Amino acid sequence: MAEDEEYIREAIELARKSVSNGNNPFGSLLVVDGTVVERSGNTTETDNDVTAHPELKLARWAARELDDDELAACTMYTSTEPCEMCAAAIYYAGLDRVVYSVSGSTLANVQGKTKSGISCEEVIDRKGGDTDVDGPVLESEGKRVHEEFY
């Protein structure tokens, strides 16, 4: 659990950096066997690309760059629960585990929305995947980034 919190804090910092770079507050990293192998922040605004979520970018990177054993040992740590698009990419990439800070329902609440999307775990389950999804972890810390932004 302490390791999860360390990596979640890094994901939250990547979300803060995304904001300082002119994007929405989302950040993620991939860890294989205790080593960070890739990091990403949100670049939807600066890339003018609505799909430039860090989770999607990292899932695509992992599918291209990691072998089957690495994918089987790969955990994505992310500042916010992956949306449906990103959850599907995580499933197709074959990542072993996802750990998030802020739940989709908490994010929707901060944004003033009455509904949140389908949970990451449900998307993966519906696809027949076996990726473990854990969270929220340090949700109050992650939530602050969204409260400051929205």
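Our structure's up above, just so we're on the same page.
A quick note: this is a predicted structure, and the numbers were derived from the prediction, not measured. (Residues numbered from 1 in each chain as written. Predicted model: local features only at pLDDT ≥ 70, side-chain atom pairs only at ≥ 80, totals over all residues. Heavy atoms only, no water.)

Some points on the nonpolar core
Here comes step 1: Core analysis: the largest hydrophobic core is formed by 23 residues, its most contacted members being Leu30, Ala62, Leu66, Cys74, Met76, Ile90 and Leu95.
Here comes step 2: When residues of this core are traced back to their parent elements, those giving at least two are strand 1 (27–32), helix 2 (54–65), strand 3 (74–80), helix 4 (84–93), strand 4 (97–102) and helix 6 (120–127).
Here comes step 3: Beyond its immediate chain neighbours, meaning those up to four positions away, Ala62 contacts Leu30, Leu71 and Leu95.
Here comes step 4: Grouped together as the second largest cluster of nonpolar side chains are 13 residues, Ala11, Leu14, Leu29 and Val31 included. (Core = buried A, V, L, I, M, F, W, Y, C linked by side-chain atoms within 4.5 Å. Buried < 20%, exposed > 50% of the residue type's maximum accessible area, 1.4 Å probe, protein only. Helix = DSSP H or I, 4+ residues; strand = E, 2+ residues; numbered from the N terminus. Contact = heavy atoms within 4.5 Å.)

So, the packing of aromatic side chains
Each aromatic ring pair is specified by the distance between its two centres and by the angle formed by the two planes.
Here comes step 1: Under the counting rule described, the total for this entry stands at 3 aromatic pairs.
Here comes step 2: Aromatic side chains Tyr7 and Tyr77 sit 4.9 Å apart centroid to centroid with 40 degrees between the ring planes, which places their arrangement in the tilted category. One end of the pair, Tyr7, is in helix 1 (residues 2–20); the other, Tyr77, is in strand 3, and 70 residues separate them in sequence.
Here comes step 3: According to the relative accessible area criterion, Tyr7 is buried, its value standing at 6%.
Here comes step 4: Judged by centre distance (4.8 Å) and plane angle (85 degrees), the rings of Phe149 and Tyr150 are edge-to-face. (Phe/Tyr/Trp six-rings, centres within 6.5 Å; stacked < 30°, edge-to-face > 60°.)

Observations regarding the pairing of strand 1
Here comes step 1: Counting buried residues along strand 1, 6 of its 6 residues qualify, which places the element largely inside the surrounding structure.
Here comes step 2: Both faces of strand 1 are covered, namely the face carrying Gly27, Leu29 and Val31 and the face carrying Ser28, Leu30 and Val32.
Here comes step 3: Here strand 1 folds back onto strand 2 (residues 35–41), and the loop between the two strands holds 2 residues, one of which, Asp33, carries a positive phi near 50 degrees.
Here comes step 4: Where strand 1 and strand 3 come together, 5 bridges link them in antiparallel fashion. Residue pairing across strands places Val32 opposite Cys74, the latter belonging to strand 3. (Pairing = 2+ DSSP bridges.)

Considering the sheet that holds strand 4
Here comes step 1: With mixed pairing, 5 strands are arranged side by side in an open sheet as 2-1-3-4-5. Pairing within the sheet leaves two strands with one partner each, and these edge strands are strand 2 and strand 5 (132–134). Sheet twist, expressed as the average angle between the axes of neighbouring strands with direction ignored, equals 15 degrees.
Here comes step 2: Bridge count for strand 4 against strand 5 is 3 bridges, and the pairing is parallel. (Axes fitted to C-alpha atoms, helices over the stretch in contact; angles between N-to-C directions.)

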